[in-house]
Amino acid sequence: MILSELSDLIVRNRSYRRFHQTPRPGRERLETWLDCVRLAASGGNRQPLRFRLIHDPAECAAVFPLTRWAGLLKEWSPAADEAPTAYVLVLAAAGGATPQTDAGIAMQTLLLAAVADGFGGCMLGAIDRPAIRAALNLPAALELLYAVALGKPAETCRLEAAIDGQTAYYRSADGIHHVPKLPLEALLVPED
């Protein structure tokens, strides 16, 4: 893959929050994406993360109301007919060191694989962990860290230049999700 293809993939990898209900990713596709995650970097190569695949419509329907979306878009969440059609739960050994770096690498890799395959998703940290644990009977030995919502995106996300350093995303009246990004110069620390 050349750099421009990687850059294009990163630009297309947005936090999608509305999904078409078909096609659904299905278990085989989720496993293919997760195999990319398996091959990604892991601190000390410890590979502490475990994953629970959710693709069954009934399980997806059970998880959906236990998620919270787009903190900057007050009073908004996806409608039931815009809900994700799959989830991957990110888990780790309970009581152990929390592998946040590994989780970030895993979720980004998962989303890049999904986008490369024509799907998309959103990392979710605002989830009702106890309720999800109970609904899915997750093993007590594993701590639920995050959920990644997945499906066929039903929205347009547009990157744009941040004005006056304002980076809050917003949705315009036409339903476009706008994501302001700082210029590269604003991210670089001066060398002097």
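Residues numbered from 1 in each chain as written. Predicted model: local features only at pLDDT ≥ 70, side-chain atom pairs only at ≥ 80, totals over all residues. Heavy atoms only, no water.

(A) Layout of helix 5 (residues 129–136). Between a side-chain oxygen at the N-terminus of helix 5 and the backbone nitrogen of Ala131 the separation is 3.1 Å; the capping residue is Asp128. Positioned one or two residues after helix 5, Asn137 has a phi angle of 55 degrees, which is positive. (Polar contact = N/O pair within 3.5 Å; in protein donor to acceptor, adjacent residues only side chain to side chain. Helix = DSSP H or I, 4+ residues; strand = E, 2+ residues; numbered from the N terminus.)

(B) Expanded view of the pairing of strand 4 (residues 120–124). With respect to burial, strand 4 is a largely interior element, four of its five residues being buried. Here five bridges tie strand 4 to strand 5 (residues 142–153), and the two strands are oriented antiparallel to one another. Residue pairing in the sheet places Gly120 in a bridge with Gly151 of strand 5. (Buried < 20%, exposed > 50% of the residue type's maximum accessible area, 1.4 Å probe, protein only. Pairing = 2+ DSSP bridges.)

(C) Molecular detail of the nonpolar core. In this structure, Tyr87, Leu89, Leu124 and Ile132 are the most contacted members of the largest nonpolar core, which totals 23 residues. When contributions to this core are tallied by element, the ones reaching two or more residues are helix 3 (57–63), strand 3 (86–93), strand 4, helix 5 and strand 5. With residues up to four places along the chain from it excluded, the contact list for Tyr87 reads Arg52, Leu53, Ile54, Cys60, Val63, Phe64, Thr67, Leu124, Val148 and Ala149. Core analysis: the second largest hydrophobic core is formed by 21 residues, Leu30, Leu34, Met107 and Val148 among them. (Core = buried A, V, L, I, M, F, W, Y, C linked by side-chain atoms within 4.5 Å. Contact = heavy atoms within 4.5 Å.)

(D) A look at the sheet that holds strand 7 (residues 170–171). Strand order across the open sheet formed by three strands is 6-8-7, with mixed pairing between neighbours. Edge positions in the sheet fall to strand 6 (157–161) and strand 7, since each of these pairs with one other strand and no more. In the sheet, strand 7 pairs with strand 8 (residues 177–181) via two bridges, with the strands oriented antiparallel. Residue Tyr170 lies in a different strand from strand 8, and its bridge partner there is His178.

(E) Spotlight on the pairing of strand 5. In terms of burial, strand 5 is largely enclosed, as nine of its twelve residues are buried. Sheet analysis places strand 1 (residues 19–20) next to strand 5, joined by two bridges and oriented antiparallel. Note that in strand 5 the partner of His20 across the bridge is Lys152. Of the strand pairs in this sheet, strand 3 and strand 5 are connected by eight bridges, and their pairing is antiparallel. Within strand 5, the position partnered with Ala93 by the bridge is Leu142.

(F) Looking closely at the packing of helix 1 (residues 3–12) against helix 4 (residues 100–116). Put simply, helix 1 and helix 4 touch, their axes get as near as 9 Å, and they point 100 degrees apart. One finds that helix 1 runs roughly perpendicular with respect to helix 4. Contact with helix 1, carried on its side by Leu9, Ile10 and Arg12, involves Leu112, Val115 and Ala116 of helix 4 and no other residues of that element. Considering only residue class, the contact of helix 1 with helix 4 consists of five nonpolar, no polar and one charged. (Axes fitted to C-alpha atoms, helices over the stretch in contact; angles between N-to-C directions. Parallel < 35°, antiparallel > 145°, perpendicular 65-115°, else oblique. Nonpolar A, V, L, I, M, F, W, Y, C, P; charged D, E, K, R; others polar.)

(G) Here's a closer look at unusual backbone geometry. Here the amide bond leading from Thr22 into Pro23 is cis, since omega sits at -5 degrees, within 30 degrees of zero. When you line up the elements, Pro23 lands in the loop between strand 1 and helix 2 (26–39). Here Glu75, not a glycine, exhibits a phi torsion of approximately 65 degrees, which is positive. Within the secondary structure, Glu75 is located in the loop between helix 3 and strand 3.

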